[in-house]
Amino acid sequence: METEKKPELLSLTPDELRASLVSLGEPAYRATQLFTQLHRGLSPDEMTNIGKATKELLQKNFSYHLPGIERKLVSKLDGTVKYLFSLADGACVESVVMKYEHGNTICISSQVGCRMGCKFCASTIGGKIRDLTAGELLGQVIAAARDTGERIGGIVLMGIGEPLDNYDNVLKFLHLVNEPDGICIGYRHISLSTCGLVDKIKKLQAEDLPITLSISLHAPDDETRNEIMPINRRYGVSELLDACRDYFRATGRRISFEYTLIAGKNDSVSQAEKLASVLNSHLRSKTETMPIHVNLIPVNEVKESGFTSADRKSVAAFAKTLESRGIRATVRRKLGADINASCGQLRKSVLEEKKA
Ligand code: SAH
């Protein structure tokens, strides 16, 4: 179909947009004008400073779709807003806007579904349907800013999907969102979370972008990690932590670790001791004291997984054990607890509802 081949307006860099427009006979300044307005959330039809002929030319030569709001849930507890966005082909992904004292941060999805197969995660149950384009990644930020009417100052790539499994589009998105004529969010206000695709972590390191890397570790040893995260059979704990050390040495950016606590699986004090020991031995030496931060998250119970959440006592004991070994640990404040804000669960329940 011809429409599928049209370049997506929201995926284009300023240079790409300029080149396309000039080749269609438009003046070069039009590109900046368009780029800025598109990134502010206006559709070409809503723009008042371009004429009818240009609007028709855009419609004929490009595609444009801002994610539509399929569902929206607002937490009464803390104002967290969760969106189920629909994309041009009807696929849905989730984004969450979190309100902090220092501003709004959005958590966005990188793929429709996921193929990483982590046993505790709702997003991976139906597998991966497809990657999101750079414009769809960006569209979540634009649509949420437009809907809330507030500036979004930070982004975490921690929603549905594995961002490093959609590397090229995610990288293009990082550049787009940093553009001075667009949303202009600094790289330091962007975090990318990965289950540990070591080859891609090395590639990202070479891009030299000062984003924050967050590693979903969830276990201190290969035996436990293999059981809950299939990716570990490809890249084991040691290899992953060595890649983290290299990333830190090269970029100077702190890395944080996510550790979701599952009762009876990875939440014992001896596992906390083991975790402290592998982190210290891989990431620190006598001359180097890399700051290490572990976010502890009691697992959100997904019925298919059969896992239950660690109780308060073991969470506290786990945190204390890490702290006593020089590792900062925070128990993640659960935002939007009343709206099921963690990733994958809303999309999954709406899919089930539609099937029924
Ligand atoms: N694929 C990326 C980003 C998406 S998942 C990654 O693995 O990091 C975002 C975070 O939520 C990850 O740390 C993931 O392990 C965690 N997560 C997934 N399901 C969860 C659940 N049921 N309870 C708690 N954390 C979960």
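Residues numbered from 1 in each chain as written. Predicted model: local features only at pLDDT ≥ 70, side-chain atom pairs only at ≥ 80, totals over all residues. Heavy atoms only, no water.

Novice: How would you explain the sheet that holds strand S9 (residues 212-216) if you had to name every residue and give the values?
Specialist: Across the sheet, which stays open at both edges, the 10 strands sit in the order S1-S2-S3-S4-S7-S8-S9-S10-S11-S12 with mixed pairing between neighbours. What marks the edges here is a single partner per strand, and that holds for strand S1 (68-74) and strand S12 (328-331). On average, each strand axis in the sheet is tilted by 25° relative to the strand beside it, whichever way the strands run. Pairing between strand S7 (residues 152-157) and strand S8 (residues 190-194): three bridges, direction parallel. Directly across from valine 156, in S8, lies its bridge partner serine 191. (Pairing = 2+ DSSP bridges. Helix = DSSP H or I, 4+ residues; strand = E, 2+ residues; numbered from the N terminus. Axes fitted to C-alpha atoms, helices over the stretch in contact; angles between N-to-C directions.)

Novice: Describe in detail the pattern of salt bridges, supporting the description with residues and values.
Specialist: Using the criterion set out here, one finds 19 salt bridges in the structure. Where glutamate 94 meets lysine 82, a salt bridge forms, and the shortest distance between an N and an O atom there is 2.8 Å. You can see glutamate 94 sitting in strand S3 (residues 92-100) and its partner lysine 82 sitting in strand S2 (residues 81-86), a full 12 residues away along the chain. Overall, the relative accessible area of 2% leaves glutamate 94 in the buried class. Accessibility expressed as a relative area gives 0% for lysine 82, which makes it buried. Across the salt bridge formed by arginine 130 and glutamate 136, the nearest N and O atoms sit 2.9 Å from each other. Members of the salt-bridge network, linked through shared partners, are Asp89, Arg130 and Glu136. (Salt bridge = Lys/Arg side-chain N within 4 Å of Asp/Glu carboxyl O. Buried < 20%, exposed > 50% of the residue type's maximum accessible area, 1.4 Å probe, protein only.)

Novice: Can you lay out the packing of helix H2 (residues 14-23) against helix H3 (residues 29-39) for me, pointing to particular residues and giving the numbers?
Specialist: The contact between H2 and H3 brings their axes to 8 Å, and the two run at 130°. Classed by the angle they form, the pair H2 and H3 counts as oblique. Seen from above, H2 lies across H3 with right-handed handedness. Mapping the contact onto sequence places Pro14, Leu17, Arg18 and Leu21 in H2 and Arg30, Ala31, Thr32, Leu34 and Phe35 in H3. Partitioning the contact of H2 with H3 into residue classes produces six nonpolar, one polar and two charged. (Parallel < 35°, antiparallel > 145°, perpendicular 65-115°, else oblique. Left-handed = near helix turned anticlockwise from the far one by under 90°. Contact = heavy atoms within 4.5 Å. Nonpolar A, V, L, I, M, F, W, Y, C, P; charged D, E, K, R; others polar.)

Novice: I'd love a proper account of the packing of aromatic side chains, names of residues and values included.
Specialist: For any pair of aromatic rings, geometry is given as the distance between the ring centres together with the angle between the planes. Tallied over the full model, the rule gives two aromatic pairs. Ring centres of tyrosine 83 and phenylalanine 85 lie 4.9 Å apart, and the angle between their planes is 10°; on these two criteria the pair is classed as stacked. Neither residue differs from the other here; tyrosine 83 and phenylalanine 85 are each classed as buried. (Phe/Tyr/Trp six-rings, centres within 6.5 Å; stacked < 30°, edge-to-face > 60°.)

Novice: Could you give an account of the side chain of glutamate 258, naming the residues involved and the relevant values?
Specialist: Mapped onto the fold, glutamate 258 is located in strand S10 (residues 255-261). Looking at glutamate 258, its side chain comes within polar contact range of the side chain of asparagine 295, at 3.2 Å. At 2.3 Å, the side chain of glutamate 258 and the side chain of arginine 332 are in polar contact. (Polar contact = N/O pair within 3.5 Å; in protein donor to acceptor, adjacent residues only side chain to side chain.)

Novice: Describe the site of the ligand, listing the residues and the values that go with them.
Specialist: Close to the ligand lie 17 residues, the nearest being Phe120, Ser193, Ser216, His218 and Asn300. Within the backbone of phenylalanine 120, an N or O atom sits 2.9 Å from a nitrogen atom of the ligand. Histidine 218 has a polar side-chain atom sitting 2.6 Å from an oxygen atom of the ligand. Alone, the ligand offers 530 Å² of accessible surface; in the complex the protein occludes 92% of this. Its residues placed into classes, the shell around the ligand shows seven nonpolar, eight polar and two charged. (Near = heavy atom within 4 Å. Areas by Shrake-Rupley, 256 points an atom, 1.4 Å probe, with all protein chains shown as cover.)

Novice: So, the domain arrangement of the protein chain: which residues are in play, and what are the values?
Specialist: For the protein chain, the domain assignment lists domain 1 (9-61) and domain 2 (68-355). The straight-line distance from the C-alpha centre of domain 1 to that of domain 2 is 34 Å. Opposite the 15 residues of domain 1 that make contact, domain 2 presents 13 residues. Here domain 1 meets domain 2 over a buried area of about 1100 Å², counting both sides, of which 59% is carbon and sulfur. Counting the contacts that link domain 1 with domain 2 gives two salt bridges. With its nearest N and O atoms 3.0 Å apart, the salt bridge here joins glutamate 46 to arginine 146. (Domains from an automatic or database assignment. Buried area = accessible area lost by both parts, 1.4 Å probe.)

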